[in-house]
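Overview (structure and organization)
Chain by chain, the residues:
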Amino acid sequence: MSSRSVQYTSSPLLASKTPIWRSQFIVAVIAAGFLGLVARAAYVQVIDNAFFKRQGTVRFVRTLDLPANRGRILDRNGNILASSVPVPSIWGNPEDIERDPAKLKALAKLLGMTSAELDKKLQDEDKTFVWLKRQVDESVAKEIAALKIKGVYDRKEYKRIYPEGESVAHVVGFTNVENLGQEGVELTFNKALGGKAGTRRVIKDRLGRVVEDVGEMVPPLDGEDLQLSIDSKVQYFAYEKIKEAVVSNKAAAGSVVVLDVKTGEILALTNYPSYSPGKRGNLSGAQLRNRALTDTFEPGSTMKPIVVGLALEKGLVTPESTIQIGNGKFKVGTATITDEHAHGLLTINQVIQKSSNIGASKLALQMEPHDMWEVFTQVGLGQKPHVPFPGAVSGKVRAYKTWRPIEQATMSYGYGLSASLFQLAQAYTVFAHDGEVVPVSLLKTNQPVTGARVFSSKNAAAMRNMLHLVTIQGGTAPKAQTMGYAVGGKTGTAHKVEGKGYASKKYRGFFVGIAPIDNPRIVVAVMVDEPTNGAYFGGDVAAPVFSQTVQQTLRMMGVQPDMAVKPQVVTQVEKESF
Amino acid sequence: MSRVSFLLMIAVMASALYLVRTQYESRSLTTEIDRATSLARNLETENDRLDVERRAQATPLRVEKLAREQLHMRTITPAITQYATVSGGAVASAPAEVRP
């Protein structure tokens with residue numbers, strides 16, 4: 001055995017001098033440490049686990065927005081007037097965008113902006129999101145994607161498309177880039193069309209895929225489709241015709257309103273100048289205005305039938321009663337009312353046919369102001385029409401207690417009160433619907449309506465006869481005649497008010513009529529504002545538009561002609577022989 | 001006793017593994033559903049877009065322009081229309097003249 005071998009176990013040097021309690025103490029401390037951990041673990045996982053649960057959730061649960069589709073706007077035949085389609089919008093992340101001048105220049109060009117404008121949008125490097133251009137064309141988005149610029153992305157957004165364009169622009173209106181209605185029906189029915197967005201909580205995995213739903217989903221509530229009473233064909237035709245009339249008469253503007261007498265539905269409501277709702281750069285107020293509802297004017301001679309109707313109703317006259325017009329001048333107090341011609345003795349029928357101011361005034365002066373005021377109010381003058389349009393005006397009819405006799409006389413031929421073209425159209429339903437004023441609707445109803453009775457059925461028929469006389473030889477509006485259908489109506493021509501008085505050479509010509517006159521289906525009102533090409537009488541500028549609109553509208557409604565027409569059919573179909 | 005415990009432990013393990021597998025399957029199915037739903041939605045919006053496009057091709061403005069220019073048609077009037085009246089279910093012969 002070697003001398004170097006040592007008996008360690010018995011070496012006194014290695015004999016432990018540590019007391020036993022020290023090792024016991026260490027074990028106890030470690031055990032206490034473990035116990036502490038167990039207690040903490042129990043506390044965190046069982047007793048107060050909300051905080052960590054929440055933290056866990058935050059790290060992998062995402063709340064997704066489920067956008068609601070905006071409802072479509074349809075015409076009465078289900079044709080689309082407005083619908084939302086997804087389009088790409090381009091956004092950038094200024095923090096990590098690749099600033100390659102050549103690529104950015106190409107991008108700016110595709111976005112239709114200058115490089116300086118683009119740089120300005122991207123200058124704030126603290127931002128992580130900035131819209132570069134919203135709602136671009138699909139092809140542009142593809143070209144941008146092809147540039148492969150890091151930090152430039154696209155995202156789907158919804159854009160409103162208006163396939164009918166200008167002709168229905170004022171009715172439908174438009175939405176802004178946030179899909180909120182700004183004008184027309186889009187504005188009025190914004191809430192119903194917009195729907196309600198939903199949400200969904202999900203767990204996403206590392207690749208961004210949805211792997212699990214958490215909690216309940218709130219489904220999106222899509223906006224409702226809105227079906228209007230407008231017939232896009234009638235609307236288009238009316239728009240084309242008023243456009244032609246405005247251009248050929250070198251006028252400032254024009255409007256047409258077409259009402260279905262049986263249902264009270266608005267078949268067309270159009271104005272020129274208009275705009276394309278999809279392209280709204282450089283819009284002027286003149287283009288935006290829905291003149292048929294927002295512009296009021298003195299209704300002129302179109303008021304006479306209402307006053308005469310009241311005279312019949314009160315039993316003051318019959319259609320065949322005569323009234324002395326004399327030499328065409330009639331003094332009321334210090335003022336003089338004049339007619340264009342010295343007609344002498346006229347029947348009531350002729351007062352309307354020839355549009356005699358004196359005849360209407362003489363009748364008005366036999367009536368109580370209150371009665372006249374009441375009829376005006378009943379037919380809707382001075383009242384805001386019940387149509388869901390922003391900016392519809394009420395016009396003005398002053399309180400009857402303040403009327404002086406001369407005012408009562410001038411009101412009988414339409415001066416001293418104001419109304420919109422739409423109000424006039426509605427007022428004329430009183431003649432067309434057998435003495436009842438029909439409530440109008442912009443939404444499709446297709447139900448016959450009953451209105452508020454103003455005149456008796458017999459007097460309404462007598463008035464229709466007078467209105468028919470206006471459009472035949474000897475009346476003021478033979479140009480309102482239309483092939484195949486007997487029509488009736490009344491012309492109006494009013495000096496435009498400028499400042500405190502009447503402008504000497506600015507006129508407004510209009511025509512409100514009914515067709516077919518014996519069994520009325522439609523009321524058409526036409527207004528041409530400031531015609532400057534010579535003709536300015538309603539019978540010359542507005543009546544032809546009425547004639548063409550009636551012709552096409554009745555044809556589209558399938559109303560058979562009630563007048564014999566000389567056929568111009570070039571070939572006759574021969575019966576086939578066997 | 002220990003044999004029973006062992007068997008139970010095996011059962012627990014198997015059940016746990018099965019749970020993991022089911023969870024995995026459920027998640028991949030959810031992903032699948034999600035993909036299908038978004039595809040359905042895309043197709044729906046595509047359908048809407050095509051509807052609008054179709055309508056844009058058939059607006060009265062375009063139809064009239066094409067009819068007038070390419071087909072040399074003109075607007076009809078009652079003078080060049082023959083009205084056929086339906087009587088007793090059969091269409092009566094069209095009169096040469098237009099009568100009410």
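Criteria and thresholds
Residues numbered from 1 in each chain as written. Chains lettered and ligands numbered in written order. Predicted model: local features only at pLDDT ≥ 70, side-chain atom pairs only at ≥ 80, totals over all residues. Helix = DSSP H or I, 4+ residues; strand = E, 2+ residues; numbered from the N terminus. Rg over C-alpha atoms; globule rule 2.2 N^0.38 Å. Contact = placed C-beta atoms within 7 Å. Pairing = 2+ DSSP bridges. Axes fitted to C-alpha atoms, helices over the stretch in contact; angles between N-to-C directions. Expected span 1.5 Å × (residues − 1). Buried ≥ 20, exposed ≤ 12 C-beta atoms within 10 Å, placed from the backbone. Core = buried A, V, L, I, M, F, W, Y, C linked by C-beta atoms within 7 Å. Domains from an automatic or database assignment. Nonpolar A, V, L, I, M, F, W, Y, C, P; charged D, E, K, R; others polar. Parallel < 35°, antiparallel > 145°, perpendicular 65-115°, else oblique. Left-handed = near helix turned anticlockwise from the far one by under 90°.

1. Details of the overall build of chain A
In terms of regular secondary structure, chain A is built from 21 helices and 21 strands. Against the 2.2 N^0.38 benchmark of 25 Å for 578 residues, chain A shows a C-alpha radius of gyration of 39 Å, more extended than a compact globule. Considering only C-alpha atoms, chain A reaches an extent of 165 × 70 × 55 Å along its principal axes. Excluding contacts between residues fewer than 6 apart, the proportion of contacts in chain A whose partners are at least 24 apart in sequence is 71%.

2. Quick notes on the sheet that holds strand 1 (residues 61-66) of chain A
Residues and elements named next belong to chain A. In spatial order, the strands read 1-6-7; together these three strands make up an open sheet with antiparallel pairing. Across the chains shown, the open sheet's two edge strands, defined by having one partner strand only, are strand 1 and strand 7 (210-218). Strand-to-strand twist across the sheet, computed as the mean angle between neighbouring axes with direction ignored, equals 30°.

3. Things to note about helix 1 (residues 2-57) of chain B
The terminal C-alpha atoms of helix 1 of chain B, which comprises 56 residues, lie 81 Å apart, in line with the 82 Å expected from a rise of 1.5 Å per residue. Burial within helix 1 of chain B is sparse, with just one of its 56 residues counted as buried.

4. Structural notes on the nonpolar core
All names here are of chain A. Counting residues in hydrophobic clusters, the biggest one holds 122 residues, and the most contacted among them are Val 308, Ala 525 and Val 526. For this core, the element with the most residues is helix 9 (residues 232-248), which contributes eight residues. Counting the residues that make up this core, at least three belong to each of domain 1 (65-227) and domain 2 (232-557). Excluding its chain neighbours within four sequence positions, the residues that come into contact with Ala 525 are Val 257, Leu 421, Leu 424, Ala 425, Phe 510 and Val 512.

5. Quick notes on the domain arrangement of chain A
All names here are of chain A. On domain assignment, one finds that chain A holds domain 1 (65-227) and domain 2 (232-557). Measuring from the centre of the C-alpha atoms in domain 1 to the corresponding centre in domain 2 gives 45 Å. In this assembly, 22 residues from domain 1 lie in contact with 19 residues from domain 2. Listed by contribution, the elements that provide at least two residues to the side of domain 1 that touches domain 2 are helix 6 (169-172) and helix 7 (184-188). For the side of domain 1 that touches domain 2, the residue count by class is 10 nonpolar, seven polar and five charged.

6. Considerations on the interface of chain A and chain B
Each side of the interface is counted separately: chain A has 29 residues, and chain B has 25 residues. Among the secondary structure elements, those contributing two or more residues to the side of chain A that touches chain B are strand 3 (80-92), strand 7 and helix 9 of chain A. Its residues assigned to classes, the side of chain A that touches chain B comprises 14 nonpolar, eight polar and seven charged.

7. Overview of the packing of helix 9 of chain A against helix 21 (residues 543-557) of chain A
Residue and element names in this part refer to chain A. Relative orientation of the contacting elements helix 9 and helix 21 amounts to 165°, with a least axis distance of 10 Å. When the axis of helix 9 is compared with that of helix 21, the two are roughly antiparallel. Crossing geometry of helix 9 relative to helix 21 is assigned as right-handed. In this structure, helix 9 uses Lys 233, Val 234, Phe 237, Ala 238, Lys 241, Ile 242 and Ala 245 to contact helix 21, whose residues at the interface are Pro 544, Val 545, Gln 548, Thr 549, Gln 552, Thr 553 and Met 556. Taken together, the residues of the contact of helix 9 with helix 21 break down into eight nonpolar, four polar and two charged.

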